Amino acid sequence: VQLQASGGGLVQAGGSLRLSCTASGRTFSRTAMGWFRQAPGKEREFVAGINWSGGNTYYADSVKGRFTISRDNAMNTVYLQMNSLKPEDTAVYYCASGINNIPTTQTTVGSWGQGTLVTVSS
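As a starting point, this report considers the structure included with it.

1. Notes on the pairing of strand S1 (residues 2–6)
Next up, step 1: Taking every second residue as pointing to the same face, the buried face of S1 carries Leu3 and Ala5, while none of Gln2, Gln4 and Ser6 on the other face is buried.
Next up, step 2: Summarising the sheet, S1 and strand S3 (residues 17–24) pair through five bridges and their orientation is antiparallel. Pairing of Gln2 across the sheet is with Ser24, part of S3.

See the structure below:
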(Lines give C-alpha, C1' and ligand atoms only; values in the text may rest on other atoms or scores of the structure.)
Protein backbone atom coordinates (compact mmCIF):
# COMPACT_ATOMS: atom_id res chain seq x y z
CA VAL A 1 0.00 0.00 0.00
CA GLN A 2 1.35 3.40 -1.00
CA LEU A 3 -0.01 6.35 0.95
CA GLN A 4 -0.34 10.05 0.10
CA ALA A 5 -1.32 12.44 2.87
CA SER A 6 -2.66 15.96 2.44
CA GLY A 7 -4.60 18.68 4.22
CA GLY A 8 -2.08 20.14 6.60
CA GLY A 9 -1.62 23.85 7.08
CA LEU A 10 -1.58 26.77 9.49
CA VAL A 11 -4.57 27.27 11.77
CA GLN A 12 -5.29 29.29 14.89
CA ALA A 13 -5.88 27.62 18.21
CA GLY A 14 -9.47 26.44 18.45
CA GLY A 15 -9.72 25.94 14.73
CA SER A 16 -10.20 22.82 12.63
CA LEU A 17 -8.44 20.94 9.86
CA ARG A 18 -9.18 17.73 8.01
CA LEU A 19 -6.35 15.53 6.87
CA SER A 20 -6.77 13.02 4.07
CA CYS A 21 -4.69 10.01 3.15
CA THR A 22 -5.28 8.28 -0.16
CA ALA A 23 -3.96 4.80 -0.77
CA SER A 24 -3.03 3.01 -3.92
CA GLY A 25 -3.47 -0.70 -4.30
CA ARG A 26 -6.32 -3.17 -4.04
CA THR A 27 -5.89 -4.10 -0.38
CA PHE A 28 -6.94 -0.81 1.24
CA SER A 29 -10.45 -2.00 2.08
CA ARG A 30 -8.98 -4.89 4.06
CA THR A 31 -6.29 -2.84 5.83
CA ALA A 32 -6.45 -1.15 9.21
CA MET A 33 -5.16 2.41 9.12
CA GLY A 34 -3.83 4.98 11.54
CA TRP A 35 -2.46 8.47 12.01
CA PHE A 36 0.72 9.31 13.88
CA ARG A 37 2.42 12.63 14.51
CA GLN A 38 5.89 13.88 15.26
CA ALA A 39 6.53 17.23 16.88
CA PRO A 40 9.97 18.89 16.65
CA GLY A 41 12.43 17.18 18.96
CA LYS A 42 9.94 14.50 19.99
CA GLU A 43 9.29 10.88 19.18
CA ARG A 44 6.65 9.92 16.64
CA GLU A 45 3.44 9.09 18.50
CA PHE A 46 0.17 7.38 17.79
CA VAL A 47 -2.85 9.66 17.30
CA ALA A 48 -5.77 7.60 15.99
CA GLY A 49 -6.54 4.29 14.32
CA ILE A 50 -9.41 2.58 12.50
CA ASN A 51 -10.05 -1.01 11.52
CA TRP A 52 -10.71 -2.18 7.96
CA SER A 53 -14.46 -1.65 8.07
CA GLY A 54 -14.50 1.57 10.07
CA GLY A 55 -16.42 -0.14 12.84
CA ASN A 56 -13.67 0.19 15.43
CA THR A 57 -11.67 3.30 16.22
CA TYR A 58 -9.02 4.05 18.81
CA TYR A 59 -7.55 7.37 19.97
CA ALA A 60 -4.67 8.67 22.01
CA ASP A 61 -5.89 10.27 25.23
CA SER A 62 -4.48 13.62 24.14
CA VAL A 63 -6.87 13.87 21.16
CA LYS A 64 -9.90 11.95 22.40
CA GLY A 65 -13.07 14.01 21.98
CA ARG A 66 -11.38 16.45 19.57
CA PHE A 67 -10.19 14.28 16.67
CA THR A 68 -12.21 11.82 14.59
CA ILE A 69 -10.80 9.21 12.26
CA SER A 70 -12.94 7.82 9.45
CA ARG A 71 -12.53 6.07 6.14
CA ASP A 72 -14.15 5.72 2.75
CA ASN A 73 -13.16 2.38 1.25
CA ALA A 74 -14.74 3.22 -2.09
CA MET A 75 -12.37 6.20 -2.32
CA ASN A 76 -9.36 4.40 -0.79
CA THR A 77 -9.10 7.27 1.67
CA VAL A 78 -8.78 7.68 5.42
CA TYR A 79 -9.50 11.00 7.11
CA LEU A 80 -8.56 12.72 10.34
CA GLN A 81 -10.94 15.48 11.36
CA MET A 82 -9.20 17.68 13.92
CA ASN A 83 -11.29 20.13 15.95
CA SER A 84 -10.46 22.43 18.86
CA LEU A 85 -6.83 22.42 17.83
CA LYS A 86 -4.19 23.41 20.36
CA PRO A 87 -0.63 24.66 19.84
CA GLU A 88 0.61 21.34 21.24
CA ASP A 89 -1.02 19.60 18.26
CA THR A 90 1.63 21.19 16.02
CA ALA A 91 3.48 18.36 14.29
CA VAL A 92 4.05 16.53 11.07
CA TYR A 93 1.18 14.08 10.72
CA TYR A 94 1.72 10.71 9.05
CA CYS A 95 -0.83 8.21 7.89
CA ALA A 96 0.08 4.58 8.21
CA SER A 97 -1.23 1.17 7.30
CA GLY A 98 -1.34 -1.61 9.84
CA ILE A 99 0.41 -4.95 9.36
CA ASN A 100 -2.41 -6.98 10.86
CA ASN A 101 -4.51 -4.79 13.13
CA ILE A 102 -4.89 -1.10 13.93
CA PRO A 103 -1.35 0.34 14.00
CA THR A 104 -0.68 1.86 17.41
CA THR A 105 3.11 1.60 17.55
CA GLN A 106 5.78 2.04 14.90
CA THR A 107 6.48 -1.68 14.92
CA THR A 108 2.89 -2.41 13.88
CA VAL A 109 3.04 -0.14 10.82
CA GLY A 110 3.34 -1.67 7.37
CA SER A 111 3.63 1.48 5.26
CA TRP A 112 4.03 5.20 5.97
CA GLY A 113 2.74 8.19 4.06
CA GLN A 114 5.03 11.13 3.43
CA GLY A 115 3.70 13.39 6.20
CA THR A 116 1.81 16.66 6.21
CA LEU A 117 2.64 19.59 8.48
CA VAL A 118 0.04 20.98 10.86
CA THR A 119 0.89 24.23 12.63
CA VAL A 120 -1.41 25.62 15.32
CA SER A 121 -0.75 29.19 16.37
CA SER A 122 -1.70 30.53 19.79
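2. Focus: the packing of aromatic side chains
Next up, step 1: Under the defined criterion, the tally for this structure stands at four aromatic pairs.
Next up, step 2: Considering the side-chain rings of Phe36 and Phe46, the 5.7 Å spacing of their centres and the 80° angle between planes classify their relative orientation as edge-to-face. One end of the pair, Phe36, is in strand S4 (residues 33–38); the other, Phe46, is in strand S5 (residues 45–50), with 10 residues separating them in the sequence.
Next up, step 3: By relative accessible area, which is 12% here, Phe46 ends up buried.
Next up, step 4: One aromatic cluster is present, formed by Phe36, Phe46, Tyr58, Tyr94 and Trp112 through successive ring pairs.
Next up, step 5: In this structure, Arg44 is placed above the aromatic ring of Trp112, and the distance from its NZ or CZ to the ring centre is 4.5 Å.

3. Thoughts on the state of the cysteines
Next up, step 1: Applying the stated criterion across every chain, the model contains one disulfide.
Next up, step 2: One disulfide in the model links Cys21 with Cys95; its S-S distance is 2.1 Å. Torsion about the S-S bond of the Cys21 and Cys95 cystine: about 55°, corresponding to right-handed handedness. Of the two residues, Cys21 sits in strand S3 while Cys95 sits in strand S9 (residues 91–98), which places them 74 residues apart along the sequence.
Next up, step 3: The exposure class of Cys21 is buried, given its relative accessible area of 0%.
Next up, step 4: A residue is classified by how much of its surface remains accessible, and Cys95, at 0% relative accessible area, is buried.

4. What about the sheet that holds S1?
Next up, step 1: The sheet built from four strands is open, its strands ordered S1-S3-S8-S7 with antiparallel pairing. Each of the sheet's edge strands pairs with one partner strand only, and the pair in question is S1 and strand S7 (67–72). In this sheet, neighbouring strand axes are inclined to one another by 15° on average, regardless of whether the strands run parallel or antiparallel.
Next up, step 2: Relative to strand S8 (residues 77–82), S3 runs antiparallel, the two being bridged by six bridges. Each residue of the ladder has a partner; that of Arg18, found in S8, is Gln81.

5. Some details on the side chain of Arg37
Next up, step 1: Within the secondary structure layout, Arg37 lies in strand S4.
Next up, step 2: Polar contacts involving the side chain of Arg37 include one to the side chain of Glu45, which spans 2.7 Å.
Next up, step 3: Setting aside chain neighbours within four positions, we find Arg37 in contact with Glu43, Arg44, Glu45, Val47, Ser62, Val63, Phe67, Glu88, Asp89, Ala91, Val92 and Tyr93.

Reading the values: rules and limits
- Residues numbered from 1 in each chain as written.
- Predicted model: local features only at pLDDT ≥ 70, side-chain atom pairs only at ≥ 80, totals over all residues.
- Heavy atoms only, no water.
- Buried < 20%, exposed > 50% of the residue type's maximum accessible area, 1.4 Å probe, protein only.
- Helix = DSSP H or I, 4+ residues; strand = E, 2+ residues; numbered from the N terminus.
- Pairing = 2+ DSSP bridges.
- Phe/Tyr/Trp six-rings, centres within 6.5 Å; stacked < 30°, edge-to-face > 60°.
- Lys NZ or Arg CZ within 6 Å of the ring centre and 35° of its normal.
- Disulfide = S-S within 2.5 Å.
- Axes fitted to C-alpha atoms, helices over the stretch in contact; angles between N-to-C directions.
- Polar contact = N/O pair within 3.5 Å; in protein donor to acceptor, adjacent residues only side chain to side chain.
- Contact = heavy atoms within 4.5 Å.

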